[in-house]
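If you want the building blocks of each chain, they are given just below.
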Amino acid sequence: MGGAFITLLKRDLTLAMRRRSDWLNPLVFFVIVVTLFPIGIGPDGSLLSEIAPGVIWVAALLATLLGLDGLFRDDFDDGSIEQLLLSPQPLSVLVLAKVLTHWLVAGLPLVLLSPLLALLLQLKLQAIPALLASLVLGTLTLSLIGAIGAALTVGLRRGGVLLPLLVLPLFIPVLIFGSSCVAAAAGGFAIGAQLSLLGGLFFLALALAPLAVAASLRISAES
Amino acid sequence: MFRWFHKLASTKNFYRLAEILTPLLAVACAILLAVGLYRGLFVAPTDYEQGESYRIIYVHVPAAWMSLFIYMVMAFCSLLFLVWKMKLADIVAQVSAPLGASFTFLALATGSLWGKPMWGTWWEWDARLTSELILLFIYIGYMALRSSIDNKSTAARAAAILALVGVVNIPIIHYSVEWWNTLHQPASIAKIGTPSIHISMLIPLLLMALGFKVYYLVVMLTKTRNVILEREANSAWVRERVKENRL
């Protein structure tokens, strides 16, 4: 089981690295969305630093969404998903490997890029560790929840339009705790509660989402 | 018990049962709503603080209760459908979704109307209103997923999974929104449905809530009958009924 997990992870990472635009485009999107806010609202530093946690988090949410549609699509189109369904390993574990790949190519770069955007929005420096920590836990959860939506819509030709509708409402708790974690850190308050709640959401998603993704993939593949 | 369950699960038997129940429930619904509205709008005393505008709770609160109740019905039916492949449960979930969305919208609209005299704005980012709004999005997502999959049985199962994912998330969303709200706003804003409510105001509220539930049953049963006829248009019993002109 572990072997299959590692093999699948390696394969998906190799594939992702060969198609650079797949993971670079969401990153550029993330940066562009964040720069739109000062342009739209005006270059007022104090206002920007106040809305920075929310803006960065919303942009991260949307950027995560961008990569989700392709999470299973290519494998679904070329039949690899059916191979996974037929394999003796539990599907939920294999699915977890794919979700982890998505996070490594879509979530982790967002996290690493976020301090730069925090500087652009004049977020206080003391909030940057909280930004990194909350984004790590949060984007992992987003990848897990989003994978359910991706699995449900993979059989549809226009799944990309439907996907945000399905998963964005489910992203809201992560957004709430994530942005409030950063805002609290910027204000000099303790962030233990927010991080604990984000951690709780992550573990809940880790336990339940792979099952839902596996069931959804089975349904999508049968039609 | 299981024999009864099987009998009810057969669409033909359910159709006949719904046929008998619907008119009875419709009468009960009309009586409940008429009495509830009369007692709520004319008999119940005027509120000390909110004046007459509090009376919108007789629509708002039952609608908000229904919005959650119908989602629970949908989630329960989805579970029945996924585990026991009970077709009837899928039909009930399918016809309940637009009803639930309508009640959610009604709760939002009446909440907003109530907010104008109370808060001075049409929309306040109050925890309950925000949760209702997100619930509306979840209903819309459910209906969008169901309608965008052409294959009927795939659509039914995919929608059932989404309903179950939603039911895990709704309490999390509800409490996180409440937490978000207390963080950003002082708790001084008056809220609909304060815990202490006088009995003369409570009775019409409960009557209305019951009336809304019965209304849901009437519409749900009627729509379920329609979908049963549509799905079983080729079965012998439907043909026979069409021939005898009693649907």
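Conventions we followed
Residues numbered from 1 in each chain as written. Chains lettered and ligands numbered in written order. Predicted model: local features only at pLDDT ≥ 70, side-chain atom pairs only at ≥ 80, totals over all residues. Helix = DSSP H or I, 4+ residues; strand = E, 2+ residues; numbered from the N terminus. Rg over C-alpha atoms; globule rule 2.2 N^0.38 Å. Buried ≥ 20, exposed ≤ 12 C-beta atoms within 10 Å, placed from the backbone. Contact = placed C-beta atoms within 7 Å. Axes fitted to C-alpha atoms, helices over the stretch in contact; angles between N-to-C directions. Parallel < 35°, antiparallel > 145°, perpendicular 65-115°, else oblique. Left-handed = near helix turned anticlockwise from the far one by under 90°. Nonpolar A, V, L, I, M, F, W, Y, C, P; charged D, E, K, R; others polar. pLDDT = per-residue confidence, 0-100. Core = buried A, V, L, I, M, F, W, Y, C linked by C-beta atoms within 7 Å. Arc of directions from axis to C-beta.

Undergrad: Got a minute to help me understand the overall build of chain A in this structure?
TA: The helix and strand tally for chain A stands at 9 helices and 0 strands. Against the 2.2 N^0.38 benchmark of 17 Å for 223 residues, chain A shows a C-alpha radius of gyration of 18 Å, consistent with a compact globule. Going through the 223 residues of chain A one by one, you find that 48% of them count as buried.

Undergrad: Any chance you could explain the interface of chain A and chain B here in plain terms?
TA: It is common to give the size of an interface as the accessible area lost on bringing the parts into contact. With 20 residues of chain A in contact, the opposing surface of chain B contributes 24 residues. Breaking the side of chain A that touches chain B down by element, the ones donating at least two residues are α7 (128–153), α8 (159–186) and α9 (192–222) of chain A. Examining the composition of the side of chain A that touches chain B, we find that 10 residues originate from one element, α8(A), more than from any other.

Undergrad: Honestly, the packing of helix α6 (residues 91–120) of chain A against α7(A) in this entry has me stumped. Any pointers?
TA: To describe two helices that pack against each other, one gives the angle between their axes and the distance between the axes. Residue and element names in this part refer to chain A. Running from amino to carboxyl end, α6 crosses α7 at an angle of 150°, the nearest separation of the two axes being 9 Å. Classed by the angle they form, the pair α6 and α7 counts as roughly antiparallel. Our pair here, α6 against α7, has a crossing hand that is right-handed. Between α6 and α7, the residues in contact are V95, V99, H102, W103, G107, L110, V111, S114, P115 and A118 and I128, L131, L132, L135, V136, T139, L140, S143, L144 and A147, respectively. Classifying every residue of the contact of α6 with α7 gives 15 nonpolar, 5 polar and no charged.

Undergrad: Hey, could you run me through unusual backbone geometry in this one?
TA: Trans peptide bonds make up the majority, and among non-glycine residues the majority have a negative phi. Positive phi values are uncommon outside glycine, yet Q122(A) reaches one of about 60°. Position of Q122(A) among the secondary structure elements: in the loop between α6 and α7. Taking the number of C-beta atoms within 10 Å as the measure of exposure, Q122(A) has 17 and is therefore partly exposed. For K85(B), which is not a glycine, the phi torsion comes out positive at approximately 55°.

Undergrad: How should I be thinking about the confidence of the model for chain B in this particular structure?
TA: Parts of the model with low pLDDT should not have their predicted coordinates read in detail. Residues and elements named next belong to chain B. With 92% of its residues at a pLDDT of 70 or more, chain B shows a mean pLDDT of 87. This model gives residues 186–190 a pLDDT under 50, and the stretch forms 4 contacts once residues within four places in sequence are excluded. Overall fold confidence (pTM) sits at 0.90, and the ipTM for the predicted complex is 0.89.

Undergrad: Sorry, what's going on with the packing of helix α3 (residues 45–68) of chain A against α6(A) here?
TA: Residue and element names in this part refer to chain A. With their axes 10 Å apart at the nearest point, α3 and α6 run at an angle of 155° to one another. Judged on the interaxial angle alone, α6 and α3 are roughly antiparallel. The two elements α3 and α6 cross, and the hand of that crossing is right-handed. Note on element contacts: α6 touches α3 through H102, A106, G107, L110, S114, L117 and A118, opposite A52, I56, A60, A63, T64 and G67. Residues of the contact of α3 with α6, tallied by class, amount to 8 nonpolar, 5 polar and no charged.

Undergrad: What's the story with the nonpolar core in this structure? I'm lost.
TA: Note on soluble globular proteins: their nonpolar side chains tend to be buried together. Formed by 143 residues in total, the largest nonpolar core has its most connected members in I56(A), A147(A) and L162(B). The element that contributes the greatest number of residues to this core is α8(A), accounting for 16 residues. Beyond its immediate stretch of four places on either side in the chain, I56(A) contacts V34(A), S114(A), L117(A), A118(A), L121(A) and L131(A).

Undergrad: It is not clear to me how the environment of K124(A) should be interpreted in this structure. Could you clarify?
TA: Residues and elements named next belong to chain A. Inspection of the secondary structure puts K124 in the loop between α6 and α7. For K124, a count of 14 C-beta atoms within 10 Å gives the class partly exposed. For K124 and A185, which are 61 residues apart along the polypeptide, the C-alpha to C-alpha distance reads 8.7 Å. In contact with K124, other than residues within four places in its own chain, are S49 and A186.

Undergrad: Could you clarify how one ought to interpret helix α4 (residues 70–78) of chain A in this entry?
TA: Given 3.6 residues to a turn, an α-helix orients residues that are three or four positions apart in the same direction. Residue and element names in this part refer to chain A. Residues L71, F72 and D75 constitute the buried set of α4. For α4, the buried positions fall inside an angular range of 65° around the axis, keeping them on one side. Residues D77 and D78 are exposed on α4 and point more than 90 degrees away from its buried face. On its buried side, α4 packs onto α3, α5 (80–86), α6, α7 and α9. Looking one or two places after α4, you find G79, whose phi comes out positive at around 90°.

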